[in-house]
Amino acid sequence: MVTERKKELLNAYKDRRPEMGVISFHCRPAGEIFLMPAADIPAKFNRIRFQLSAGSCPNKRLQALWTQYGQDAFVLQTAACLEYDDPKEDHMQELETLCELCLLETPGARRL
């Protein structure tokens with residue numbers, strides 16, 4: 001019975017349709033915007049926020065702004081969503097293209 005439940009949960013996880021797209025970290029006081037593609041938007045937001053709070057974000061400029069102004073100075077939002085059919089396919093190329101389009105449409109934005 002336990003094995004059946006594990007299989008059921010695993011299949012449900014594999015078949016889930018995470019929200020994919022481009023995320024944005026906007027530092028209001030500095031006016032700087034950072035964009036990044038995300039295959040699972042909520043998970044990526046959590047990861048980057050954790051890295052920033054731990055002082056270990058790979059983007060040193062974003063880390064410096066976060067340290068200087070704090071979390072409340074940032075607006076975290078989804079810049080664009082990716083529409084897709086098959087959750088099992090690799091959508092990274094499409095996400096990269098969507099991110100590049102967002103960078104072109106947002107003056108002064110940089111890649112996270």
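## Digging into the packing of aromatic side chains
Piece 1. Within this structure, the stated rule accounts for two aromatic pairs.
Piece 2. For the ring pair F25 and F45, a centre distance of 5.7 Å and an interplane angle of 55° mean the geometry is tilted. Residue F25 is located in strand β1 (residues 21–27), and its partner F45 is located in helix α2 (residues 41–54); the two are separated by 20 residues in the primary sequence.
Piece 3. Owing to a relative accessible area of 0%, F25 belongs among the buried residues under this scheme.
Piece 4. Ring centres of W66 and F74 lie 5.0 Å apart, and the angle between their planes is 40°; on these two criteria the pair is classed as tilted.

## Focus: the pairing of β1
The side chains of a regular strand alternate between the sheet's two faces.
Piece 1. Here β1 lies mainly inside the structure; six of its seven residues are buried.
Piece 2. Note that β1 and strand β2 (residues 32–38) share seven bridges and pair antiparallel. Bridged to V22 within β2 is P37.
Piece 3. Between β1 and β2, which pair antiparallel and follow one another directly, the connecting turn spans four residues, one of which, G31, has a positive phi of 75°.

## Section: helix α4 (residues 92–105)
Piece 1. In this model, α4 (14 residues) spans 20 Å end to end at C-alpha, consistent with the 20 Å of a helix rising 1.5 Å per residue.
Piece 2. All buried positions along α4 are accounted for by L95, L98, C99, C102 and L103. Viewed along the axis of α4, the buried residues span an arc of 145°, placing them on a single side of the element. Those residues of α4 that are exposed and aimed more than 90 degrees away from the buried face are Q93 and L104.

The rules behind each value
Residues numbered from 1 in each chain as written. Predicted model: local features only at pLDDT ≥ 70, side-chain atom pairs only at ≥ 80, totals over all residues. Heavy atoms only, no water. Phe/Tyr/Trp six-rings, centres within 6.5 Å; stacked < 30°, edge-to-face > 60°. Helix = DSSP H or I, 4+ residues; strand = E, 2+ residues; numbered from the N terminus. Buried < 20%, exposed > 50% of the residue type's maximum accessible area, 1.4 Å probe, protein only. Pairing = 2+ DSSP bridges. Expected span 1.5 Å × (residues − 1). Arc of directions from axis to C-beta.

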